[in-house]
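# A structural walkthrough
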Amino acid sequence: MSDLKTRLKEYEGTKEYQAKLKYFRNGKFYPYADSLGFNTVGYGHLIQRGEDFTTGITENEADQLLSRDLAKVQVQVKTLGLVLPDDWNDFITIMTFQLGIQGVKKFRKMLTALEIKNYSEAVKQAKDSLWYKQTPNRVDAMIAVLKNK
């Protein structure tokens, strides 16, 4: 899980990157609107109704939020019923972290390709998407570390 957390921090915005944007200042992460306008804090935590982070959160608190969010996502990924090699399991986990499980379920052709272990087709389907058009650098980086392509 540690490697996944490191990758998610890079994709969601490291402390250093967020400092440049003033989301991390005076030793705390502060809420910001993500690329779709959703209120977010730390390493991509989508702020839920009833949560208040207006006074900021420490790096440790952001790390704990990421761990909790990642654990939830990993449970959701299991509901897909896919038997995947580790590289693709990580890919789907990161994808679910960004898009949510309902968003991932819309990738029917990619999921079908993964079911039959047609990894090159799965990559093709990932790239033939609005997700790829919106975040090509992230998706390309995710594809680059796949061993099964």
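Everything below is about the structure shown above.
Read on for a plain summary of the structure. All values derive from a computational prediction rather than experimental measurement.

## Details of the environment of Phe53
- Mapped onto the elements of the fold, Phe53 is located in the loop between strand 5 (45-46) and helix 3 (59-78).
- The sequence separation of Phe53 and Val41 amounts to 12 residues, and the corresponding C-alpha distance is 7.5 Å.
- Once residues within four sequence positions are removed from consideration, Phe53 is found in contact with Pro31, Val41, His45, Ile47 and Leu65.

## Examining the packing of helix 3 against helix 4 (residues 86-105)
- Interaxial distance between helix 3 and helix 4 falls to 9 Å at its minimum, and their mutual angle equals 105°. Looking at the two axes, helix 3 sits roughly perpendicular to helix 4. In contact with Leu66, Asp69, Leu70, Val73, Gln74, Gln76 and Val77 of helix 3, helix 4 contributes Asn89, Ile92, Thr93, Thr96, Phe97 and Ile101.
- Of the residues belonging to the contact of helix 3 with helix 4, the class tally is 7 nonpolar, 5 polar and 1 charged.

## Side note on the packing of aromatic side chains
- Within the structure shown, the criterion is met by 7 aromatic pairs.
- A ring pair is formed by Phe91 and Trp131, whose centres lie 6.0 Å apart and whose planes are at 85°; its orientation type is edge-to-face. Placement of the pair is Phe91 in helix 4 and Trp131 in helix 7 (residues 130-134), with a sequence separation of 40 residues. For the pair shown, Phe91 and Trp131 are each scored as buried.
- On the basis of relative accessibility, which here comes to 4%, the residue Trp131 falls in the buried class.
- Pairwise contacts between aromatic rings join Trp88, Phe91, Phe107, Tyr119 and Trp131 into one cluster.

## A few points about the sheet that holds strand 3 (residues 32-33)
- Strand order in the open sheet made by the 3 strands is 3-4-5, with antiparallel pairing throughout. Two strands bound the open sheet, and with one partner strand each, they are strand 3 and strand 5.
- Judged from the 2 bridges that link them, strand 4 (residues 39-41) and strand 5 form a sheet pairing that is antiparallel. From the neighbouring strand, Val41 faces strand 5, where its bridge partner is His45.

## Some words on the packing of helix 5 (residues 108-115) against helix 6 (residues 119-127)
- Direction vectors running N to C along helix 5 and helix 6 enclose 165°, while the axes themselves pass 8 Å from each other. In terms of orientation, helix 5 lies roughly antiparallel with respect to helix 6. Every pair of crossing elements has a handedness; the one defined by helix 5 and helix 6 is left-handed. Contact with helix 5, carried on its side by Lys109, Met110, Ala113 and Leu114, involves Tyr119, Glu121, Ala122, Gln125 and Ala126 of helix 6 and no other residues of that element.

## Observations concerning the nonpolar core
- Trp88, Phe91, Ile92, Met95, Met110, Leu114 and Trp131 are the most contacted members of the largest nonpolar core, which totals 41 residues.
- At the level of elements, helix 1 (2-12), helix 3, helix 4, helix 5, helix 6, helix 7 and helix 8 (136-144) are the ones that each hand at least two residues to this core.
- Per-element tally for this core: the top contributor is helix 4, with 8 residues.
- Look past the residues within four positions of Leu114 in its chain and what remains in contact with it is Leu82, Leu84, Trp88, Ile92, Tyr119 and Ala122.

Definitions and limits used
- Each chain has its residues counted from 1, running along the sequence as written.
- Residues qualify for local features only when their pLDDT is at least 70, as the model is predicted, and side-chain atom pairs are given and counted only at 80 or more; totals for whole chains, interfaces and linings, by contrast, use all residues.
- Based on all heavy atoms of the structure, the side-chain values leave hydrogens and waters out of the count.
- The secondary structure listing takes helices from DSSP runs of H or I that are at least 4 residues long and strands from runs of E that are at least 2 residues long, numbered from the N terminus.
- Contact definition: two residues touch when any of their heavy atoms are within 4.5 Å.
- Fitted lines through C-alpha atoms give the axes, limited to the stretch in contact for helices. The angle between two N-to-C directions lies from 0 to 180 degrees.
- An angle below 35 degrees is read as roughly parallel, one above 145 as roughly antiparallel, one from 65 to 115 as roughly perpendicular, and any other as oblique.
- Note on residue classes: Ala, Val, Leu, Ile, Met, Phe, Trp, Tyr, Cys and Pro are nonpolar, Asp, Glu, Lys and Arg are charged, and everything else, Gly too, is polar.
- Pairing of aromatic rings covers Phe, Tyr and Trp, the last through its six-membered ring, and needs centres within 6.5 Å; plane angles under 30 degrees mean stacked, over 60 mean edge-to-face, and all others mean tilted.
- Using a 1.4 Å probe on the protein chains alone, a residue whose accessible area is under 20% of its type maximum counts as buried, one over 50% counts as exposed, and one in between counts as partly exposed.
- In this description, strands pair whenever DSSP reports at least two bridges between them.
- What makes a crossing left-handed is the near helix being turned counterclockwise from the far one by less than a right angle; a clockwise turn instead makes it right-handed.
- Residues belong to one nonpolar core when they are buried, are Ala, Val, Leu, Ile, Met, Phe, Trp, Tyr or Cys, and are joined through side-chain atoms within 4.5 Å.

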